[in-house]
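Structure assessment
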Amino acid sequence: MHTKTFSIDPSERQNYADLLVALWPGLKWRHTGIGALQAYIREGNARELRVHIWHPSLVKPGIEDSGLCHDHRFDMRSSVLTGKIIQTEFALEPDPDGDWETHSVLHARSAMAKGGSFHQGPVATGDYYRRQATVFEVSVGQGYTFDKFAFHESRAEGVTITLVEKLAQEKVDARILAPRGKLVVHAFTETQSPAEFAGALAVGLAALLPIVKPQRRQTCLHRT
């Protein structure tokens, strides 16, 4: 298995929430069609850190059928501060008659540097597979680690906030695993604008506030 779950101490969870609320006004958000908003807290070094806000309104139509299953070019550690993540890990077996095929995609940062957009169309690799799923439910106060180059899908139940650390990142393309011959819905194509996702962002902050220390909560409410 490439997924390992762990528990988060309540004081650690509160510290994470305090950190996010303190940084909130300066965070720069982007929408990803897998169902989340992403903002970097620490970027550009060996251990990057970002926050994800998951909300049903952020899921792109069609992506759960083709485009949601993907790998990463980094090891990840995800802590669930509110809500629940359904982490589905897939074991692949090469099979020329398999129902699933991989597509290569530039990671978002490289795509932006190359073409001025987070999107570059997926390119079929010609590799086909069968897959077998293992499902993990990761609730509030828990987290999980996941190995790079393994495939998974992430779904949230309701409003969910996760803190994601990226480790041992490599300069390679990412991959999407999609049904054979089916159009891939790309997570970074035709994404929502800040005006469109403002409601989900506000709901995310409201979900976070009950966790933080009372003095921090009052400061944030006064500021907003």
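Scroll up for the structure.
Below is a short write-up of the structure. Computed from a predicted model, the values in this text were never measured in an experiment. (Residues numbered from 1 in each chain as written. Predicted model: local features only at pLDDT ≥ 70, side-chain atom pairs only at ≥ 80, totals over all residues. Heavy atoms only, no water.)

1. Observations regarding the pairing of strand 4 (residues 48-59)
In terms of burial, strand 4 is a largely internal element, 9 of the 12 residues being buried. Two strands pair when backbone bridges link them, and strand 3 (residues 34-42) and strand 4 are joined in this way by 7 bridges, in the antiparallel orientation. In the sheet register, arginine 42 faces strand 4, and the bridge partner there is leucine 49. Note: strand 4 against strand 9 (residues 151-167), 7 bridges, orientation antiparallel. Each residue of the ladder has a partner; that of tryptophan 54, found in strand 9, is threonine 160. (Buried < 20%, exposed > 50% of the residue type's maximum accessible area, 1.4 Å probe, protein only. Helix = DSSP H or I, 4+ residues; strand = E, 2+ residues; numbered from the N terminus. Pairing = 2+ DSSP bridges.)

2. Things to note about the environment of aspartate 71
Tracing the chain through its elements places aspartate 71 in the loop between strand 4 and strand 5 (75-94). Looking at aspartate 71, the relative accessible area reads 2%, which means it is buried. Sequence-wise, aspartate 71 and alanine 174 are 103 residues apart; in three dimensions their C-alpha atoms are separated by 6.2 Å. Setting aside chain neighbours within four positions, we find aspartate 71 in contact with Phe149, Ala150, Phe151, Ala174 and Arg175. Separated by 2.7 Å, the side chain of aspartate 71 and the backbone nitrogen of arginine 175 make a polar contact. (Contact = heavy atoms within 4.5 Å. Polar contact = N/O pair within 3.5 Å; in protein donor to acceptor, adjacent residues only side chain to side chain.)

3. Observations concerning the pairing of strand 5
Where strand 5 meets strand 9, 14 bridges bridge the pair, whose relative direction is antiparallel. For serine 79, the partnering residue across the bridge sits in strand 9 and is leucine 163. Direction of pairing for strand 5 relative to strand 8 (residues 142-146): antiparallel, over a ladder of 4 bridges. Among the inter-strand pairings, serine 79 is bridged to a residue of strand 8, identified as glycine 143. Note that strand 5 and strand 7 (residues 123-139) share 11 bridges and pair antiparallel. Bridge assignment links isoleucine 85 to a residue of strand 7, and that residue is valine 138.

4. Brief notes about helix 1 (residues 10-23)
The end-to-end C-alpha separation of helix 1 is 20 Å, in line with the 20 Å expected for 14 residues at 1.5 Å each. Those residues of helix 1 that sit buried are Tyr16, Ala17, Asp18, Leu20 and Val21. (Expected span 1.5 Å × (residues − 1).)

5. A look at the packing of aromatic side chains
Tallying each qualifying case throughout the model produces 1 aromatic pair. Where tryptophan 24 meets tryptophan 29, the ring centres are 5.2 Å apart and the plane angle is 50 degrees; that geometry is what we call tilted. Looking at arginine 131, its charged tip hangs above the ring of tryptophan 100, at a distance of 3.5 Å from the centre. (Phe/Tyr/Trp six-rings, centres within 6.5 Å; stacked < 30°, edge-to-face > 60°. Lys NZ or Arg CZ within 6 Å of the ring centre and 35° of its normal.)

6. Thoughts on helix 3 (residues 194-208)
Taking 1.5 Å per residue as the helical rise, helix 3 with its 15 residues ought to reach 21 Å, and the 19 Å between its terminal C-alpha atoms agrees with that figure. Taking the largest bend as the criterion, helix 3 deviates by roughly 30 degrees, centred on alanine 200. Among the residues making up helix 3, those that are buried are Phe197, Ala200, Leu201, Gly204, Leu205 and Leu208. (Bend = angle between axes of the 7 residues up to and from the residue.)

7. Some words on the environment of leucine 58
Of note, leucine 58 is situated in strand 4. The buried category is assigned to leucine 58, whose relative accessible area is 0%. Put simply, leucine 58 and glycine 35 are 23 residues apart on the chain and 4.3 Å apart in space, counted from C-alpha to C-alpha. Dropping the residues within four chain positions of it, leucine 58 is found in contact with His31, Thr32, Gly33, Gly35, Ala36, Leu37, Ile53, Gln192, Phe197 and Ala200.

8. Quick word on the side chain of histidine 103
Here histidine 103 is to be found in strand 6 (residues 100-105). Residue contacts for histidine 103: discarding those within four places in its chain leaves Pro122, Val123, Ala124, Thr125, Ala174, Arg175, Ile176, Ala178 and Val184.

9. Considering the nonpolar core
What tends to happen in soluble globular proteins is that the nonpolar side chains get buried as a cluster. If you look at the biggest cluster of nonpolar residues, it comprises 26 residues, and the most contacted ones within it are Trp24, Trp29, Val51 and Leu208. The biggest single contributor to this core is helix 3, with 5 residues. Excluding anything up to four places from it in sequence, tryptophan 24 contacts Trp29, Ile53, Leu201, Gly204, Leu205 and Leu208. Residues Phe74, Met76, Val164 and Val185 belong to the second largest nonpolar core, which totals 18 residues. (Core = buried A, V, L, I, M, F, W, Y, C linked by side-chain atoms within 4.5 Å.)

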